[in-house]
Amino acid sequence: MSRLLINVTEKEEFHLDSEGNIESKEVKGQLLIRNPSSKSKVWAINLTASENVENTTLDPEQLQKKELGPMDEWVTDYTVIKPVEFPNIVIEEEIGRRAIIHGEPNQVKILVTLFNQSDWVISTQIIREIPDWFDDIDLIRARTIDESSGHVRHYLGTESEFIIFSGQEMIWDDLVLEPNEKAELIFTAKITPTEIKDYGLGNTKIKFSISGISLSGIFIEGIAQGKVSTFLDSEEKIEPGKWHCTFLFENTGDHLILLSDVEIFHVDEQGEKIKLVQVSPEEILHPDKLFMYEFDVNSETIPVFEKNLKYSLISDFKATTVGEILKKEKSCSVLRLSSRKIFSPPTIYSSEGERIEASIRLENTGNAKIGKILIKDFVPVFFEPPDKLKITINDRGIANFESKLEPNDLDPNKDHNLLIEIRDEFNPGEELNVRYELISHYPSPNLKYSTPIYVEGYSIDNILYVSNYETDIKVHEFVKRVKVEKNVRKSLERLGTLKVEISVTSSTGETLDNIKILDMIPKPFELDLFPSTPEVSLLEKKETEEGTTLVVTIMLLGPLDIKKIEYFIKSTEEGEYEFVEPEQIP
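Bear in mind the structure is a predicted one, so any value in this text is a computation, not a measurement.

**Focus: the overall build of the protein chain**
So, step 1. Within the protein chain, the secondary structure is distributed over zero helices and 48 strands.
So, step 2. In terms of overall dimensions, the protein chain is more spread out than a globule: its C-alpha atoms have a radius of gyration of 51 Å, far above the 25 Å expected for 586 residues.
So, step 3. Reported as C-alpha extents along the three principal axes, the dimensions of the protein chain are approximately 180 × 50 × 45 Å.
So, step 4. Counting across all 586 residues of the protein chain, residues that qualify as buried make up 44%.
So, step 5. Taking contacts inside the protein chain between residues at least 6 apart in sequence as the whole, the part at least 24 apart equals 75%.

**Section: the sheet that holds strand 47 (residues 562-571)**
Picture the strands of a sheet paired through backbone hydrogen bonds; they go either parallel or antiparallel.
So, step 1. Ordered by their spatial adjacency, four strands build an open sheet running 41-42-47-44, and the pairing between neighbours is antiparallel. Only two strands of the sheet have a single neighbouring strand rather than two, namely strand 41 (482-490) and strand 44 (525-529). Each strand axis lies, on average, 35° off the axis of its neighbour in the sheet, ignoring direction.

**Some words on the side chain of His416**
So, step 1. Summarising the element assignment, His416 is placed in strand 35 (residues 416-422).
So, step 2. There is a polar contact of 3.2 Å between the side chain of His416 and the backbone oxygen of Lys414.
So, step 3. In contact with His416, other than residues within four places in its own chain, are Asp377, Phe378, Val379, Pro385, Leu405, Glu406, Pro407, Asp409 and Asp411.

**Things to note about the side chain of Thr124**
So, step 1. Along the chain, the position of Thr124 falls in strand 9 (residues 122-129).
So, step 2. Residues within four places of Thr124 in sequence aside, it is in contact with Leu114, Trp172, Asp174, Leu175, Leu177, Ile206, Lys207 and Phe208.

**Regarding unusual backbone geometry**
So, step 1. Residue Pro345 is reached from Ser344 by a cis peptide bond, and omega for that bond is 0°.
So, step 2. Inspection of the secondary structure puts Pro345 in the loop between strand 27 (337-344) and strand 28 (347-349).
So, step 3. A cis geometry characterises the amide bond from Lys523 onward to Pro524, with omega recorded as 15°.
So, step 4. Following the sequence through the fold, Pro524 ends up in the loop between strand 43 (512-522) and strand 44.

**Looking at the environment of Asp59**
So, step 1. Along the polypeptide, Asp59 turns up in the loop between strand 3 (42-51) and strand 4 (64-68).
So, step 2. For the pair Asp59 and Tyr293, spaced 234 residues apart in sequence, the C-alpha to C-alpha distance is 40 Å.

**Quick word on the nonpolar core**
So, step 1. By size, the foremost hydrophobic cluster in this structure holds 38 residues, and its most contacted members are Leu31, Ile33, Leu47, Ile220 and Phe249.
So, step 2. Membership of the second largest hydrophobic core comes to 36 residues, among which are Ile360, Ile391, Ile420 and Tyr465.

**Notes on a nonpolar patch on the surface**
So, step 1. A cluster of nonpolar residues, Tyr454, Leu464 and Val466, forms a patch on the protein surface that exposes about 210 Å² of accessible area.
So, step 2. Within the element layout of this structure, Leu464 appears in strand 39 (residues 464-469).
So, step 3. Exposure remark for Leu464: the relative accessible area of 31% places this residue in the partly exposed category.

**Concerning the packing of aromatic side chains**
For any two aromatic rings, the description comes down to two numbers: the centre-to-centre distance and the angle of the planes.
So, step 1. On inspection of all chains with the given rule, the structure shows nine aromatic pairs.
So, step 2. Ring geometry for Phe219 versus Phe317: centroids 4.8 Å apart, planes at 65°, classification edge-to-face. Placement of Phe219 in strand 17 (residues 219-225) and of Phe317 in strand 25 (residues 315-327) is noted, with a sequence separation of 98 residues between them.
So, step 3. A relative accessible area of 34% places Phe219 in the partly exposed class.
So, step 4. Between Phe295 and Phe305 the ring centres are 5.8 Å apart and the planes differ by 90°, which places this aromatic pair in the edge-to-face class. Of this pair, Phe295 sits in strand 23 (residues 290-298) while Phe305 is found in strand 24 (residues 305-313), placing the two residues 10 residues apart along the sequence.

**So, the pattern of salt bridges**
So, step 1. Counted by the stated rule, this structure contains 35 salt bridges.
So, step 2. Its salt-bridge partner being Glu19, residue Arg98 comes within 3.9 Å of it at the nearest N-O pair. Taken together, the residues span a long stretch of sequence, with Arg98 in the loop between strand 6 (89-95) and strand 7 (99-101) and Glu19 in the loop between strand 1 (4-16) and strand 2 (22-34) at a distance of 79 residues.
So, step 3. A salt bridge links Glu306 to Lys273; the nearest nitrogen and oxygen atoms lie 3.4 Å apart. Linking Glu306 in strand 24 with Lys273 in strand 21 (residues 273-279), this pair joins segments that are 33 residues apart in sequence.
So, step 4. The exposure class assigned to Glu306 is partly exposed, which follows from its relative accessible area of 37%.
So, step 5. Since its relative accessible area comes to 47%, Lys273 is described here as partly exposed.
So, step 6. Among the charged side chains, a salt-bridge network with shared partners connects Arg141, Arg143, Glu147, Lys182 and Glu184.

**Details of the pairing of strand 38 (residues 453-459)**
So, step 1. For strand 38, a buried count of six out of seven residues is recorded, marking the element as mostly surrounded by other parts of the structure.
So, step 2. By the bridge criterion, seven bridges tie strand 30 (residues 370-379) to strand 38 in an arrangement that is antiparallel. Across the sheet, Ile373 pairs through a bridge with Gly457, a residue of strand 38.
So, step 3. Here strand 38 runs beside strand 39; their pairing, made up of six bridges, is antiparallel. Considered in strand 39, the bridge of Val455 is made with Ser467.
So, step 4. Count of turn residues in the strand 38/strand 39 antiparallel hairpin: four residues, of which Asn462 carries a positive phi of about 70°.

**Thoughts on the sheet that holds strand 37 (residues 449-450)**
So, step 1. With mixed pairing, three strands are arranged side by side in an open sheet as 28-40-37. Strands at the two margins of the open sheet, each flanked by one partner only, are strand 28 and strand 37.
So, step 2. Here strand 37 runs beside strand 40 (residues 472-476); their pairing, made up of two bridges, is antiparallel. The residue bridging Ser450 from the neighbouring strand is Asp472, located in strand 40.

**A few points about the environment of Lys25**
So, step 1. Residue placement: Lys25 occurs in strand 2.
So, step 2. The spacing of Lys25 and Glu13 is 12 residues in sequence and 5.4 Å in space, taken between C-alpha atoms.

**Considering the confidence of the model for the protein chain**
So, step 1. Per-residue pLDDT for the protein chain averages 90, and the proportion of residues at 70 or more is 98%.
So, step 2. Per-element confidence in the protein chain is highest for strand 35, whose mean pLDDT is 97, and lowest for strand 11 (residues 152-155), whose mean pLDDT is 74.

What counts, and where the lines are drawn
Residues numbered from 1 in each chain as written. Predicted model: local features only at pLDDT ≥ 70, side-chain atom pairs only at ≥ 80, totals over all residues. Heavy atoms only, no water. Helix = DSSP H or I, 4+ residues; strand = E, 2+ residues; numbered from the N terminus. Rg over C-alpha atoms; globule rule 2.2 N^0.38 Å. Buried < 20%, exposed > 50% of the residue type's maximum accessible area, 1.4 Å probe, protein only. Contact = heavy atoms within 4.5 Å. Pairing = 2+ DSSP bridges. Axes fitted to C-alpha atoms, helices over the stretch in contact; angles between N-to-C directions. Polar contact = N/O pair within 3.5 Å; in protein donor to acceptor, adjacent residues only side chain to side chain. Core = buried A, V, L, I, M, F, W, Y, C linked by side-chain atoms within 4.5 Å. Patch = residues over 30% accessible without salt bridge, like charges linked within 9 Å, V, L, I, M, F, W, Y side chains within 5 Å. Areas by Shrake-Rupley, 256 points an atom, 1.4 Å probe, with all protein chains shown as cover. Salt bridge = Lys/Arg side-chain N within 4 Å of Asp/Glu carboxyl O. Phe/Tyr/Trp six-rings, centres within 6.5 Å; stacked < 30°, edge-to-face > 60°. pLDDT = per-residue confidence, 0-100.

Spelled out as structure tokens, the structure:
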């Protein structure tokens, strides 16, 4: 016993981007007519697409075929032009982190969620790609949850026979989701990045099947004929001219047949047709079963009959939607940060007032954006910490930062921690520079002045990368290498002033350059005139409580040369000149 099989299978292919947005989709259909009988053929096949055929490329006038032999198939492919609303299957993926630290094993947690928001039971399969750089893969949980109640319907644990590993894939097979049910697949893996690139976390493929629906919404009915036998016999009764007749309809094939209508006509001697039988049995006949109908007719001669029958094979229509959703992988970028600290000049003398520019230079050497940087810097004793900073990223000034000194003072007799927090987008390949000035206060040349920095760089999703760097401020003992003599007398050139003469000679027998001499003009005197020359110039003049300090530069001094520094001072009130010895300074 067989039914003519009419199968409509429509396949929808989705391509999603890494965030789950549809990039493309295609819907194809296939109409398959199969004769499942192993011995009986069918013919006069006439299909009717009763609904939504305009949503497809099927031509209703071509849905006909003369015959199908035993076990034969007839296949017609088509395209769905206007798919009905996609069966509401939502796929989501959560990644525990989007940045990973260079050179270290990073654990990544991945949650794949498949949510059946349709009204249909869905048979599905989750196929999760496992990239080559995944190590130590650990299945945390696989379960299905009724979203309405929160009840866990199936908990597959961590060693489920439904989760299999095949090559580079993790497969959750034989997954059946009821309406409003979701499946969760959670696993972890470790990635140790050795290159600066995006590390893909694997594509996700969903295969699904839903019975009883088609994306085009078409419904197809089939009419076909099979092997039958009919018999119409008449027998005259005892009463002359009255005949008792029997109509037989037998299913002699291998299919189920529906007998819908039977009309029987008597053709009289004048050729006129008279309807004798009009019945609609609507009877399903199994193979070798028959339908019998008896009736009487009056005729002087042996009756002549004509019949009109309506019957067809019973067909099974089955619609199935199958689909494949391919979701592009998310990826992790690599977080790496280099740091260094530079002093200019790198070496100073063990004196007071030496100025050093410190530069903390950070470079984003990964391919992940950095959103926050914390710097812990150290200022050693005998150096006055900075009261202001200048921060740039690729010469772009940064104002969105906070800094703090611990302790919060500028006392050079203490160690200080300088804490800096920068909140600004620091992109791959960019350089960040923190600059400030230190001032020395007689640091000893016998001590080591270490100034380590500790740097924390945070990616946009708050993954931490740590970079350390340590350097020293080098202090040399200042050795005076010149002989300085000073003479003060009344000036003959400028009346009412005193003339100060300072003689400078080399005490080493070497040629020296850029020599600095410090002298003091005591109160109540002040500078009246300093005549500079190309060889001797006034570098700095500074007022103090004791008087005015002068720093004079001598460009070059040979071993036999004597350079003279001459300038004029005048008194602002009554008072004696208090002699102060000049000295060479670094």
